[in-house]
Amino acid sequence: MTLYPKLITDALNTVVYPGTKKGLVDSDMVADNIRIDGMSVSFSLIFPRDTDPFLKSTLKAAEAAIHYYIDKGVDVTITTEFKSTPRPKPGHMLTGVKNIIAVSSGKGGVGKSTVAVNLAIALARLGYKVGLLDTDIFGPSMPKMLGVEDERPYGTEKDGRQLIVPIEKYGVKMMSIGFFVNPDRATLWRGGMATSALKQLIADVDWGDLDFFILDTPPGTSDIHLTLLQTLAITGAVIVSTPQQVALADARKGIDMYRNDKVNVPILGLVENMAWFTPAELPENKYYIFGRDGVKRLAEEMGCPLLAQIPIVQGICEGGDDGKPVALQSDSIMGRAFLNLAQAVVTVTNRRNKDMGPTKIVQIKD
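Throughout what follows, the structure given in this document is the object of discussion. (Residues numbered from 1 in each chain as written. Predicted model: local features only at pLDDT ≥ 70, side-chain atom pairs only at ≥ 80, totals over all residues. Heavy atoms only, no water.)

### Regarding the pairing of strand β8 (residues 155-158)
Looking down a regular strand, the side chains alternate between one sheet face and the other.
Item 1. Two elements, β8 and strand β9 (residues 161-164), share four bridges in a ladder whose sense is antiparallel. Paired with Glu-157 across the strands is Gln-162, a residue of β9.
Item 2. If you look at the hairpin formed by β8 and β9, you'll find two residues sitting between the two strands, and Asp-159 has a positive phi there, around 55 degrees. (Pairing = 2+ DSSP bridges. Helix = DSSP H or I, 4+ residues; strand = E, 2+ residues; numbered from the N terminus.)

Have a look at this one:
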């Protein structure tokens, strides 16, 4: 049997809440965070207050309805929320965050996540308070790249709300859907479920005060990007690409997405990844495997700063696989390269904030 959200909501709406004498869905008590993993389902029910006299009986009735109308074998997990402490609305989230930076790429395989992780660590090494959100719901990679695959976030209560405490490693607070799903199974979610999960990772996590909040976005343009733009006032975007023409063509699309009249998110600059290969035994040699200065020329064409050219080095891949990113190696060429990138991002962000007003969240009707 295959579970899907409509099946769940139909079952829940058969449960009449005594306070409204209507079904749970008709009473707006079912939160938009239904998660389905095989025969397991989890969601939240929203009650008027934590002292609601019908709370326990409603929870039992909701679980019983799913078992009765769908299948007795469904594993049901129900959490509670209360209207007295609502989730912040878009545009009012992350009030303690100064700068939100989206690290994006037009296509996959250009090392965007590697750049995002090492940029976050390098910013932390420069003394900034940094958060890192893995927004790739379908292919999360941050837990492995930071060596925290076995970690499990825990909850805390703050200002009357139940929040998730982010995992902290190398001075960076990070969160990923990878902590909550089976890493060996594909995440088969429709767009609405994915965007709902992403909103939870933003609004229901105790990010605290941050100087930089780095968003590692999925490749391309998708519902995830639109959700981010409609939820957060993004300070600016950093576009990552390799030098070859096929990657540059997609990078142009990524730039256009942020520069679209309805979006208007500033492009802070471009990063050329895999710019050249230098073998360890010939440190003075540069081999331009994917072409030379392609991103540099694109930056000039688009009127964007070129923030860095990062070469291909075996240690970058090994560091990501081992959970020890190269930005930690302060005495290495790559460690210095990412520190220089971080300093460049600080410089262009400060300039952007001086010359431009705050970005507004995007108002686009679905």
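### Description of helix α2 (residues 55-69)
Item 1. With 15 residues, α2 extends 21 Å between its outermost C-alpha atoms, agreeing within 8% with the 21 Å of an ideal straight helix rising 1.5 Å per residue.
Item 2. Within α2, the full set of buried residues consists of Leu-55, Thr-58, Ala-62, Ala-65 and Ile-66. End-on view of α2: buried residues confined to an arc of 95 degrees, all on one side of the axis. Looking at α2, the residues exposed on the side facing more than 90 degrees away from the buried face are Lys-56, Lys-60 and Tyr-68.
Item 3. Elements that come into contact with the buried residues of α2 comprise α1 (5-12), β1 (16-17), β4 (40-47) and β5 (75-82). (Expected span 1.5 Å × (residues − 1). Buried < 20%, exposed > 50% of the residue type's maximum accessible area, 1.4 Å probe, protein only. Arc of directions from axis to C-beta. Contact = heavy atoms within 4.5 Å.)

### Remarks on the packing of helix α7 (residues 245-259) against helix α8 (residues 294-302)
Item 1. Contact geometry of α7 with α8 gives a least axis separation of 11 Å together with a crossing angle of 35 degrees. Note that α7 runs across α8; the crossing there is right-handed. Facing α7, whose interface residues are Leu-248, Ala-251, Arg-252, Ile-255 and Arg-259, α8 presents Gly-294, Val-295, Leu-298, Glu-301 and Met-302.
Item 2. Looking at the contact of α7 with α8 residue by residue, the class counts come to six nonpolar, one polar and three charged. (Axes fitted to C-alpha atoms, helices over the stretch in contact; angles between N-to-C directions. Left-handed = near helix turned anticlockwise from the far one by under 90°. Nonpolar A, V, L, I, M, F, W, Y, C, P; charged D, E, K, R; others polar.)

### Here's the deal with unusual backbone geometry
Item 1. Despite not being glycine, Met-274 shows a phi value in the positive range, around 55 degrees.
Item 2. For Met-274, the position within the fold is in strand β14 (residues 267-277).
Item 3. Not every positive phi belongs to a glycine, and Asp-293 is a case in point at roughly 60 degrees.
Item 4. Position of Asp-293 relative to the elements: it lies in the loop between β14 and α8.

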